[in-house]
Amino acid sequence: MIICIGAGPGHLDYLTRGGADLIAGADVVAGFDAVVDVVRPLLTTQTVITMGYRDQVEKLAGVAALHHAGKRCVVVFMGDVHFSGFQFLERVETACGHPVQTLPGISSAQVLASRTRVCFDETTFLTFHRRGDMAPFKAHLRDVLAAGRNAIVIPRPWDFMPGDVAAFLLGRGVSSAHRTEVWENLTRAEATWTGTLGELEGRTFSDMSILLIRALRPMPTGLEGEI
């Protein structure tokens, strides 16, 4: 068995019971250092393989070898595998030589939507936590706001952070009046910073940041006029 599990946005409260059971019952638990640290309270006798961006291919080859030797292997992802982990998932499958199972987790985008009371029907999620050409995704962000939707954005450390997102959008004619919030770690009761898109340009935040850009005008709820 090898399965990729979303471990939630940094706290065991957001790990599903099914995910916790699979991690506790695994022979091998692997992932980036910060993600493995989240699930360490569940670990006892498991072989633990941690990795960073530079050695992930080499370390995943070792995980794949253990999987093919019959070990029960879990690779943990921050948040949810399907929100911003597809490039890492592709690396896992390349190492193994076949598709692998995935188990969804709670993403930072879901937590942010809950904290800020925005509805995903009216909101688009975009992650820039990826390698490669980001131009199509940047254009999509601009179009999302032009369409009157909210945007939840995971920036990319360190070359497309919240201040850079604001600068890009302002440079493409997006209104500076969009109400904007930056949350760090999502463990605090309030946003780290709130203001307008125009006020965000040039501000700095940590790499554990997520951004909400609200539509200029809320969408109708469909309940207008009800008593």
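Scroll up to find the structure this text is about.
Residues numbered from 1 in each chain as written. Predicted model: local features only at pLDDT ≥ 70, side-chain atom pairs only at ≥ 80, totals over all residues. Heavy atoms only, no water.

Draft legend 1. Main features of unusual backbone geometry. In this structure, the amide linkage connecting P157 to the following residue, W158, adopts the cis form with an omega of -10 degrees. As for its placement among the helices and strands, W158 is situated in the loop between β7 (150-154) and α8 (162-171). Phi angles above zero are rare outside glycine, and R117 is one such case at about 55 degrees. Assignment of secondary structure puts R117 in the loop between α6 (108-116) and β6 (123-127). Since its relative accessible area comes to 77%, R117 is described here as exposed. Even without glycine at this site, N185 takes up a positive phi of about 70 degrees. Summarising the element assignment, N185 is placed in the loop between β8 (179-184) and β9 (193-196). Given a relative accessible area of 33%, N185 falls into the partly exposed group. (Helix = DSSP H or I, 4+ residues; strand = E, 2+ residues; numbered from the N terminus. Buried < 20%, exposed > 50% of the residue type's maximum accessible area, 1.4 Å probe, protein only.)

Draft legend 2. Representation of α8 within the structure. Turning to α8, its buried residues number three or more, namely P162, G163, V165, A166, F168 and L169. Lining the buried residues of α8 we find α7 (135-146), β8, α9 (197-200) and β10 (209-213). Downstream of α8 by one or two residues, G173 has phi in the positive range, about 85 degrees. (Contact = heavy atoms within 4.5 Å.)

Draft legend 3. Broad picture of the sheet that holds strand β4 (residues 73-77). Taken together, the 5 strands give an open sheet; going across it, the order is β3-β2-β4-β1-β5, and neighbouring strands pair in parallel fashion. Edge positions in the open sheet fall to β3 (47-51) and β5 (101-103), since each of these has one partner strand only. Adjacent strand axes in the sheet meet at a mean angle of 20 degrees, parallel and antiparallel pairs treated alike. Bridge count for strand β2 (residues 28-32) against β3 is 5 bridges, and the pairing is parallel. Across the sheet, the residue bridging to A30 is I49, located in β3. Helix-sheet contacts for helix α1 (residues 17-24) involve β1 (2-6), β2, β4 and β5, and the interaxial angle to β1 is about 135 degrees. (Pairing = 2+ DSSP bridges. Axes fitted to C-alpha atoms, helices over the stretch in contact; angles between N-to-C directions.)

Draft legend 4. The arrangement of the packing of aromatic side chains in detail. All chains considered together, the criterion is met by 6 aromatic pairs. With 5.0 Å between their ring centres and 50 degrees between their planes, F83 and F125 make a pair best called tilted. Linking F83 in helix α4 (residues 81-84) with F125 in strand β6, this pair joins segments that are 42 residues apart in sequence. Consider the rings of F160 and F168, whose centres lie 6.2 Å apart with planes at 70 degrees: the pair is edge-to-face. A single burial state applies to F160 and to F168, both of which are buried. Just above the ring of F137 sits the side chain of R130; from NZ or CZ to the centre is 4.1 Å. When the ring centre of F160 is taken as origin, the NZ or CZ atom of K138, which lies over that ring, is 4.5 Å away. (Phe/Tyr/Trp six-rings, centres within 6.5 Å; stacked < 30°, edge-to-face > 60°. Lys NZ or Arg CZ within 6 Å of the ring centre and 35° of its normal.)

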